[in-house]
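# Observations on the three-dimensional arrangement
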Amino acid sequence: MLAVIVAGGDLLLSRRIFDSVQAADLLIAVDSGARHLAALGRKGDLLMGDFDSYHPDPAEDAECISFPAEKDQTDAHLGLREAVSRGCTHILLLGALRGPRLDHGAANLLLISSDEFADIDLRALDGADELLAVRRQTELSGRPGDLVTLLAVTSLCKGVSTNGLKYPLSRAELGRGDTCGVSNAMTGNAASIRVSSGVLLVIHRDGGDPNLLV
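Notes on the structure in this doc start here.

About the cut-offs
- Residues numbered from 1 in each chain as written.
- Predicted model: local features only at pLDDT ≥ 70, side-chain atom pairs only at ≥ 80, totals over all residues.
- Heavy atoms only, no water.
- Helix = DSSP H or I, 4+ residues; strand = E, 2+ residues; numbered from the N terminus.
- Buried < 20%, exposed > 50% of the residue type's maximum accessible area, 1.4 Å probe, protein only.
- Contact = heavy atoms within 4.5 Å.

### Points about the side chain of Thr 162
Relative to the helices and strands, Thr 162 is located in strand E10 (residues 156-163). Look at Thr 162 and you get buried, because its relative accessible area is 5%. Among all residues touching Thr 162, those that are not within four sequence positions of it are Leu 150, Tyr 167, Pro 168, Leu 169, Ser 192 and Ile 193.

Have a look at this one:
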């Protein structure tokens, strides 16, 4: 079951984002994320948040869950928990990384790698960029030249191995803050990434960098 959660940051539209929204079994807009629904061409199934920056219109005919402004988790975090409680095993987070609030963007980036959601296929889409956390293995589908960046979220990731990337890794170690995993590139239509311990944040950019030579 697929849930798409629309947060209130800047939304960079792409064909994949449109397709994902239309395919969602559950579309959740958290707080001012509701302002993006018109551009996405679909009404939300659920509106939730403290509504300090957006006031739902009763005419929107959507389920609404309200929280107090003073709370322990962000609206996006509560939206993820709600999707999981409703049985969603695949979740896409939109409008979560860019915008006027760097703190929210950073918090959402770390949410993707949170142990709380380790059993969920949780990803963020940001225009051409897809972000996901890898604890064991993942397969990427794309095109030659697509950028792929690997960043250690835990203090140390061991046994990092890749196939289908221009700069291959074989049982490498990546530490938190290490930048040697930035700006790799796919050499074909598929790539794989494995890690034996630790958590990697993977950023896959569809279309790559026009200035990159592969």
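Having seen the model, we can carry on.
### As for unusual backbone geometry
Here the phi dihedral of Asp 31 falls at roughly 50°; this positive angle occurs in a residue that is not glycine. Mapped onto the secondary structure, Asp 31 falls in the loop between strand E2 (26-30) and helix H2 (37-40). The phi torsion at Arg 171 lies on the positive side, around 50°, for a residue other than glycine. By the element assignment, Arg 171 lies in the loop between E10 and strand E11 (172-175). The exposed category is assigned to Arg 171, whose relative accessible area is 60%.

### Examining the environment of Asp 50
Inspection of the secondary structure puts Asp 50 in the loop between strand E3 (46-49) and strand E4 (63-66). The class of Asp 50 is buried, set by a relative accessible area of 13%. With 17 residues separating them in the primary sequence, Asp 50 and Phe 67 have C-alpha atoms 4.5 Å apart. Look past the residues within four positions of Asp 50 in its chain and what remains in contact with it is Asp 31, Phe 67, Pro 68, Ala 69, Lys 71 and Asp 75.

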